[in-house]
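This is what each chain is made of:
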Amino acid sequence: MPDIDVSSSPTISAAQPTSTLSEATPAITFDRVGVAYGRGKKATDALVDFNLKVAAGETVALLGPSGSGKSTALNALAGFVRPTSGSVRLDGRDVTDLPPAKRGIGVVLQSYALFPHMRVADNVAFGLKSHRVPRGEIGPRVAEALDMVGMSAFGKRLPRELSGGQQQRVAIARALAIRPRVLLLDEPLAALDAQLRQSMLAELQQLKQALPETAMLYVTHDQAEALALAHRIVVMNDARLMDVGTAENLWRRPPTSFTAAFLGGANLIPCTVGRVIGTSALVSIAHKTISAEAPQPTVGTIDWAPGSQALLCIRPHALQIVGLGHPEALRASVNASVWRGATTRVVLSVNGLPDRLIEVDAPGQAVYSIGTEVGLRFPQPAGVLVQTGR
Ligand code: ADP
Ligand code: MG
């Protein structure tokens, strides 16, 4: 299980030379956290040996399919779920046994969880009262938090008098009012429609900039949200951390086929490795030789041995449909073609690659009738290799 070294993170490497021990202490630490629901034979592991460190000012996305343990990790940190093993720390302090309200964490949930009978301002003030903020300070703090989310004019409304997006803004304001060092967001945009999600995403980016010291843990199953917001992404699968890295690294050089597929719907095409020089390799796919990137991990090495099997990870937009006569093209036939507006998703079956459909995003509205024979062309170099079985 990879242990994450925050000292190599770009957000930390910019630390002042006078850095004291406390500055280097991660804002969030998950130390071998395990969570099982139920007991005995009925117990399900919702989180297994989960390790993660998040620096102050850093945003980390927990990305994974439904049921992969994302919310469980967040809830273990918030104190809503008791870890079965391991510990959670905030600024180096073990808070595993502390009640949620004593952790000083801001939490935003998908369901907003506003008090329906309380006006907006009272909802935002609620956490401040339980944190024993002096009475005279509550008004200004509520105003400040509502201002941060552009909801200053709505303090007197009831939640039911607001749209979904506005309710979520209030929920964010409520979390921010306590000026938390750590902000946890669990699928905060999932209940909003697509257009609103886009504008809220932009607002969350601005909020992040306005809170340069706050560590954020952002749970989502939406890769676009993770790429837009996170410095680093943790890919979760089946109660475990699969991969962790900067958004860019995981996108460009996915260490596992799971991450390749989950982060951007990559094609994973079986190939045979040929000659390897440094981090480039020649691979053969259906008797064509194609050059690809053969990456090396930051820790350890991968032996891309000539003759071994690998997967070529290549995204649909990087592939090209050309005429059958093209000298570099593989022969393919069209299985499906769906216009999506800016692009058309064409699904091809390639001669010599049985049981494997390849997805191509052709620009614009490209109409292919099913069964049409076309050429499939790979760019040079064509994508990046991923080890089989990973
Ligand atoms: P995610 O947020 O990634 O969708 P969760 O962390 O909610 O996943 O759930 C992880 C696993 O734990 C799932 O198999 C889920 O069914 C199970 N689980 C979650 N909460 C409970 C609970 N309160 N009791 C029993 N099982 C639960
Ligand atoms: Mg969840």
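Keep in mind the model is a prediction, meaning the values are calculated, not measured.

On to the site of ligand 1. Taken together, Tyr-37, Ala-46, Pro-65, Ser-66, Gly-67, Ser-68, Gly-69, Lys-70, Ser-71 and Thr-72 are the residues near ligand 1. At 2.8 Å from an oxygen atom of ligand 1 is found a side-chain nitrogen or oxygen belonging to Lys-70. Contacts to ligand 1 include Ser-71, whose side-chain N or O atom sits 2.8 Å from an oxygen atom. Relative to its free-state accessible area of 560 Å², ligand 1 is covered by the protein chains to the extent of 56%. By residue number, the principal contributor to the shell around ligand 1 is helix α3 (residues 70–78), which donates three residues. A breakdown of the residues in the shell around ligand 1 according to their chemical character gives three nonpolar, six polar and one charged.

Applying the stated criterion across every chain yields a total of three aromatic pairs. Across the ring face of Trp-251, the terminal group of Arg-315 is positioned such that the distance to the ring centre comes to 3.7 Å.

Here the protein chain is partitioned into domain 1 (6–104 + 180–257) and domain 2 (266–387). On the domain 2 side, the residues contacting the seven residues of domain 1 number nine residues. Each partner contributes to the roughly 620 Å² buried at the junction of domain 1 and domain 2, and carbon and sulfur atoms together form 63% of this total. A per-residue breakdown of the area domain 1 buries against domain 2 is headed by Trp-251, Arg-253 and Ser-257, which together make up 66% of the total.

Our focus in this paragraph is the packing of helix α4 (residues 120–130) against helix α5 (residues 135–148). For any two helices packed against each other, one specifies the inter-axial angle together with the distance between the axes. The contact between α4 and α5 brings their axes to 9 Å, and the two run at 120 degrees. Between α4 and α5, the interaxial angle falls into the category oblique. You can see that α4 and α5 cross each other, and the crossing is right-handed. When α4 is examined against α5, the residues Val-120, Ala-121, Val-124, Ala-125, Leu-128 and Lys-129 are found in contact with a partner set consisting of Ile-138, Arg-141, Val-142, Ala-145 and Leu-146. Residue composition of the contact of α4 with α5, by class: nine nonpolar, no polar and two charged.

As a further point, take the sheet that holds strand β17 (residues 343–350). Spatially, five strands are ordered β15-β19-β16-β17-β18 in an open sheet, and the strand pairing comes out antiparallel. Looking at which strands have only one partner, the edges of the open sheet turn out to be β15 (320–322) and β18 (357–363). For this sheet the average axis-to-axis angle between neighbouring strands, irrespective of direction, equals 50 degrees. Here strand β16 (residues 330–339) pairs with strand β19 (residues 373–377) via four bridges, running antiparallel. Pairing of Arg-331 across the sheet is with Gly-375, part of β19.

Definitions and cut-offs
- Residues numbered from 1 in each chain as written.
- Chains lettered and ligands numbered in written order.
- Predicted model: local features only at pLDDT ≥ 70, side-chain atom pairs only at ≥ 80, totals over all residues.
- Heavy atoms only, no water.
- Near = heavy atom within 4 Å.
- Polar contact = N/O pair within 3.5 Å; in protein donor to acceptor, adjacent residues only side chain to side chain.
- Areas by Shrake-Rupley, 256 points an atom, 1.4 Å probe, with all protein chains shown as cover.
- Helix = DSSP H or I, 4+ residues; strand = E, 2+ residues; numbered from the N terminus.
- Nonpolar A, V, L, I, M, F, W, Y, C, P; charged D, E, K, R; others polar.
- Phe/Tyr/Trp six-rings, centres within 6.5 Å; stacked < 30°, edge-to-face > 60°.
- Lys NZ or Arg CZ within 6 Å of the ring centre and 35° of its normal.
- Domains from an automatic or database assignment.
- Contact = heavy atoms within 4.5 Å.
- Buried area = accessible area lost by both parts, 1.4 Å probe.
- Axes fitted to C-alpha atoms, helices over the stretch in contact; angles between N-to-C directions.
- Parallel < 35°, antiparallel > 145°, perpendicular 65-115°, else oblique.
- Left-handed = near helix turned anticlockwise from the far one by under 90°.
- Pairing = 2+ DSSP bridges.

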